[in-house]
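Spelled out from the first residue to the last, the chains are:
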Amino acid sequence: MNIDKKDIEQYLSAVKETVGNDRYRLARNAKRQDNINLFLDYVIDEAKVKEILLSLTAMDFSEILQNEHVGYEHERLYVFGKDVKLLERNGTEEKTVSLYIKFNKLENYFVIVISFHEQKHPLTYYFK
């Protein structure tokens, strides 16, 4: 797939406008335990999540995935990675955490953040 940096910048601009207007949701349900674990392992709140989402750039972009869930196959999921400093919840250390961030901007100007957790494997960045 040939992806143009300008396309990612435009997509991110629309996502940031949506997030800035609080029209987004971070998935934290039984199927998203990794997202929940980030909040259990580190001192992080919704405001910090929003700050991180708003700080994403095209350089943080990794890939576009096809949604494989039945009924949502038409959706494309965008994957980004971001290194952020977070304070360990059970400790005194601030640590650089490599995040795996995957989201979908819906046509009704709402963003679903599907994944927001520590990377399990290093990401390959498309523009780096």
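Note that the structure is predicted; figures quoted are calculated from it, not measured.

Chemist: Explain helix α3 (residues 46-54) here, please?
Modeler: Because each turn of an α-helix spans 3.6 residues, side chains separated by three or four positions end up pointing in the same direction. Here α3 has its buried residues at Val49, Ile52 and Leu53. The buried residues of α3 all sit within an arc of 100° when viewed along its axis, so they share a single face. Residues of α3 that are buried sit in contact with α1 (5-20), β1 (24-26), α2 (33-41), β4 (76-88), β5 (94-105) and β6 (111-118).

Chemist: Would you mind showing me how to read α1 here?
Modeler: For α1, spanning 16 residues, the distance from its first C-alpha to its last is 22 Å, which sits close to the expected 22 Å at 1.5 Å a residue. Turning to α1, its buried residues number three or more, namely Ile8, Tyr11, Leu12, Val15, Thr18 and Val19. Projected down its long axis, α1 shows its buried positions confined to an angular sector of 120°, all on one face. Exposed and facing more than 90 degrees away from the buried side of α1 are Lys6, Gln10 and Glu17. Regarding α1, its N-cap is aspartate 4, as a side-chain oxygen of that residue lies 2.9 Å from the backbone nitrogen of lysine 6 further along. Downstream of α1 by a residue or two, aspartate 22 has a phi angle that is positive, lying close to 60°.

Chemist: Any chance you could explain the side chain of asparagine 67 here in plain terms?
Modeler: Here asparagine 67 shows up in the loop between β3 (61-66) and β4. A polar atom in the side chain of asparagine 67 sits 3.0 Å from the backbone nitrogen of histidine 69. At 2.9 Å, the side chain of asparagine 67 forms a polar contact with the side chain of glutamate 75. Residues in contact with asparagine 67, not counting those within four places in the same chain, are Tyr72, Glu73, Glu75 and Leu77.

Chemist: Hey, could you run me through the packing of aromatic side chains in this one?
Modeler: The geometry of two aromatic rings is summed up by the distance between their centres and the angle between their planes. Applying the stated rule across the entire model yields eight aromatic pairs. Note on phenylalanine 61 and tyrosine 78: the rings are 6.4 Å apart at their centroids and 50° apart in plane angle, and the pair reads as tilted. Within this pair, whereas phenylalanine 61 is found in strand β3, its partner tyrosine 78 is found in strand β4, the two being separated by 17 residues in sequence. In this structure phenylalanine 61 comes out as buried when scored by relative accessible area, which is 0%.

Chemist: Explain the pairing of β4 here, please?
Modeler: On any regular strand, side chains alternate: one points to one face of the sheet, the next to the other face. Here two bridges tie strand β2 (residues 42-43) to β4, and the two strands are oriented antiparallel to one another. From the neighbouring strand, tyrosine 42 faces β4, where its bridge partner is glutamate 88. Inspection of the sheet shows β3 paired to β4 by five bridges, in the antiparallel sense. From the neighbouring strand, glutamine 66 faces β4, where its bridge partner is arginine 76. As judged from the 10 bridges shared by β4 and β5, these two strands associate in the antiparallel manner. The residue of β5 that forms the bridge with lysine 85 is threonine 96. From the end of β4 to the start of β5, which pair antiparallel, there are five residues.

Calculation notes
- Residues numbered from 1 in each chain as written.
- Predicted model: local features only at pLDDT ≥ 70, side-chain atom pairs only at ≥ 80, totals over all residues.
- Heavy atoms only, no water.
- Buried < 20%, exposed > 50% of the residue type's maximum accessible area, 1.4 Å probe, protein only.
- Helix = DSSP H or I, 4+ residues; strand = E, 2+ residues; numbered from the N terminus.
- Arc of directions from axis to C-beta.
- Contact = heavy atoms within 4.5 Å.
- Expected span 1.5 Å × (residues − 1).
- Polar contact = N/O pair within 3.5 Å; in protein donor to acceptor, adjacent residues only side chain to side chain.
- Phe/Tyr/Trp six-rings, centres within 6.5 Å; stacked < 30°, edge-to-face > 60°.
- Pairing = 2+ DSSP bridges.

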